[in-house]
Number of protein chains: 2
Amino acid sequence: MRFSEFSAGMVITAGPYAVNEAEVLQFAKAYDPQWFHTDPEAAKESRFGGLIASGWHTCGIAMRLMADKVLHGSESFASPGLAYIKWPHPVRPGDALTVQATVLEVRVARSQPTMGILRWRWQMRNAHDTEVLDLEATSLFDLTPSPASPSVLPAP
Amino acid sequence: MRFSEFSAGMVITAGPYAVNEAEVLQFAKAYDPQWFHTDPEAAKESRFGGLIASGWHTCGIAMRLMADKVLHGSESFASPGLAYIKWPHPVRPGDALTVQATVLEVRVARSQPTMGILRWRWQMRNAHDTEVLDLEATSLFDLTPSPASPSVLPAP
């Protein structure tokens, strides 16, 4: 999508993303090696009764869905951050995740007319309609009007 | 560290974590396949003048450092979320990242005496002392006093 296509109130959905145990373990071993993310047997005795994905993995999955569906081929070039993240329920192997993005605000930076600012809320749910992620992100778009601008290169 | 060892005002540092291009590309291809994270040549023409890591990868690196240094062997079992995330500057291949955690609040849940709540701020910097991440997280600890509790299992 191009920056000009976003408007406040717009709702975009992407997914499903199928989560499997191998990926949960691989992510956790690299970035969040806590036993309830890395040891399926031990995790059966945890408060959640089984292996759960790292919250950062959950975020990565939402990002992947939105990158493929929305940001691919856009002028997106960075994010300054997020207003909040909530992980209301855990992601588990076998889950099929769908993300819903609601556009909250679309504007051009006052100080920089070539910078588009998108503020949007992402909510991700599993197939039981249980919410596993809720966040509010700001994304920046490069509106430099040059045909040679990298912002118009196709995403690989 | 055990939950009882945390106190407000405590500062904990961990790192450095050496970032290389292969890892930046691998993470981005899986979770954030935008061209400025996945294509080193095209990224030279971006606003940042070179390949930058996904912000989610930056978070994963901070998590890994804190998991190894602080949460390993603790009663940590989950996080309900984060108050905010800021990515003030990008992470690049070649960076050596160090995270500093400042404990903001340590308390036992009013409604659940076996749940410890830790609120802490993580700030990560590169070797030039440039801040690449700033977030405030809440972490939950299982204080169930049972020797068979999974909270006292060693991390794998």
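As a starting point, this report considers the structure included with it. Every value quoted in this text rests on a predicted model; they were computed, and no experiment measured them.

About the thresholds
Residue numbers here run from 1 along each chain, matching the order of that chain's written sequence. To read the labels, note that chains go from A and ligands from 1, taken in the order they are written. It should be noted that, the model being predicted, local features are given only for residues of pLDDT at least 70 and side-chain atom pairs only at 80 or more, the latter also being counted only at that level, while totals for whole chains, interfaces and linings use all residues. Side-chain numbers here rest on the full set of heavy atoms in the structure, without hydrogens or water. To pair, rings of Phe, Tyr and Trp, with the six-membered ring standing in for Trp, must have centres within 6.5 Å; the planes then decide the type, stacked if under 30 degrees apart, edge-to-face if over 60, and tilted in the middle. For the exposure calls, accessible area comes from a 1.4 Å probe over protein chains only, and a residue counts as buried if that area is under 20% of its type's maximum, exposed if over 50%, partly exposed in between. Elements are defined by DSSP. Helices are runs of H or I of four residues or more, strands are runs of E of two residues or more, and each kind is numbered from the N terminus. Comment: the charge-over-ring label is applied if NZ (Lys) or CZ (Arg) is within 6 Å of the ring centre and within 35 degrees of the ring normal. In short, DSSP must find at least two bridges between two strands for them to pair. In this analysis, two residues are considered to be in contact whenever any of their non-hydrogen atoms come within 4.5 Å of each other. Summed over both partners, buried area is the accessible surface (1.4 Å probe) that two parts give up on being assembled. Salt bridges are counted wherever a side-chain nitrogen of Lys or Arg sits within 4 Å of a carboxyl oxygen of Asp or Glu. Any pair of nitrogen or oxygen atoms within 3.5 Å is treated as a polar contact; in protein, a donor-acceptor pairing is required on top of that, and neighbouring residues in sequence qualify only through side-chain atoms on both sides. What sets the superposition is a least-squares fit of C-alpha atoms, and only residues with pLDDT of at least 70 in both copies go into it. An axis is simply a line fitted to the C-alpha atoms; with a helix, the fit covers only the stretch in contact. Between two such axes, the angle follows the N-to-C directions and lies from 0 to 180 degrees. Working rule for handedness: look at the near helix, and if it is turned counterclockwise from the far one by less than a right angle, call the crossing left-handed; if clockwise, right-handed. Put simply, Ala, Val, Leu, Ile, Met, Phe, Trp, Tyr, Cys and Pro go in the nonpolar bin, Asp, Glu, Lys and Arg in the charged bin, and everything else, Gly too, in the polar bin.

**What about the packing of aromatic side chains?**
Move 1: Scanning the model with the defined rule gives 19 aromatic pairs over all chains in all.
Move 2: The interplanar angle of 80° and the centroid separation of 5.3 Å between the aromatic rings of Trp120 of chain A and Trp122 of chain A together place this pair among those described as edge-to-face.
Move 3: The class of Trp120 of chain A is buried, set by a relative accessible area of 0%.
Move 4: Their ring planes at 55° and their centres at 5.4 Å tell us that Phe27 of chain B and Tyr31 of chain B sit as a pair that is tilted. Of the two residues, Phe27 of chain B and Tyr31 of chain B both sit in helix α1 (residues 21-31), 4 residues apart, roughly one turn of that helix. Considered together, Phe27 of chain B and Tyr31 of chain B belong to a single accessibility category, that of buried residues.
Move 5: Aromatic ring contacts, followed pair by pair, group Phe3, Phe6, Trp120, Trp122 and Phe141 of chain A into a single cluster.
Move 6: Looking at Arg47 of chain A, its charged tip hangs above the ring of Phe77 of chain B, at a distance of 4.6 Å from the centre.
Move 7: Stacked on the ring of Tyr84 of chain B, the Lys or Arg Lys86 of chain B has its end atom at 5.2 Å from the ring centre.

**Points about the pairing of strand β2 (residues 76-86) of chain B**
Move 1: Pairing geometry for strand β2 (residues 76-86) of chain A and β2 of chain B, over 4 bridges, is antiparallel. Directly across from Ile85 of chain A, in β2 of chain B, lies its bridge partner Leu82 of chain B.
Move 2: Pairing of β2 of chain B with strand β5 (residues 131-142) of chain B involves 7 bridges; the strand directions are antiparallel. Among the inter-strand pairings, Ile85 of chain B is bridged to a residue of β5 of chain B, identified as Leu135 of chain B.

**Digging into the interface of chain A and chain B**
Move 1: Of the residues lining the interface, 51 residues belong to chain A; the matching set on chain B comes to 50 residues.
Move 2: In total, about 4100 Å² of surface goes out of reach between chain A and chain B, with carbon and sulfur atoms giving 61% of it.
Move 3: Across the contact surface, chain A and chain B share 2 salt bridges.
Move 4: Here Asp142 of chain B makes a salt bridge to Arg47 of chain A, at a shortest N to O gap of 3.2 Å.
Move 5: The interface formed by chain A and chain B includes 22 residue pairs in polar contact (both at pLDDT 80 or more).
Move 6: Elements with a minimum of two residues in the side of chain A that touches chain B: α1 (21-31), α2 (35-38), α4 (55-71), β2, β4 (112-125) and β5 (131-142) of chain A.
Move 7: Residue contributions to the side of chain A that touches chain B peak at 11 residues, all from β2 of chain A.

**Regarding the relation of the copies chain A and chain B**
Move 1: For the match of chain A to chain B, the screw axis carries a shift of 0.0 Å, the RMSD comes to 0.0 Å, and the turn is 180°. Classification of the inter-copy transformation places it as that of a two-fold axis. Nearest to the rotation axis, the C-alpha of Tyr84 of chain A is located 2.2 Å from it, this being the minimum over chain A.

**Topic: the packing of α1 of chain A against α1 of chain B**
Move 1: Remark: α1 of chain A packs on α1 of chain B, axes separated minimally by 13 Å, with the N-to-C direction vectors making an angle of 145°. In terms of crossing hand, the pair formed by α1 of chain A and α1 of chain B is left-handed. Residue-level inspection shows Glu23, Phe27 and Tyr31 of chain A of α1 of chain A in contact with α1 of chain B, the latter providing Glu23, Phe27 and Tyr31 of chain B.
Move 2: Split by residue class, the contact of α1 of chain A with α1 of chain B holds 4 nonpolar, no polar and 2 charged.

**Quick word on α4 of chain A**
Move 1: Burial within α4 of chain A is extensive, with 14 of its 17 residues counted as buried.
Move 2: Looking one or two places after α4 of chain A, you find Gly73 of chain A, whose phi comes out positive at around 80°.

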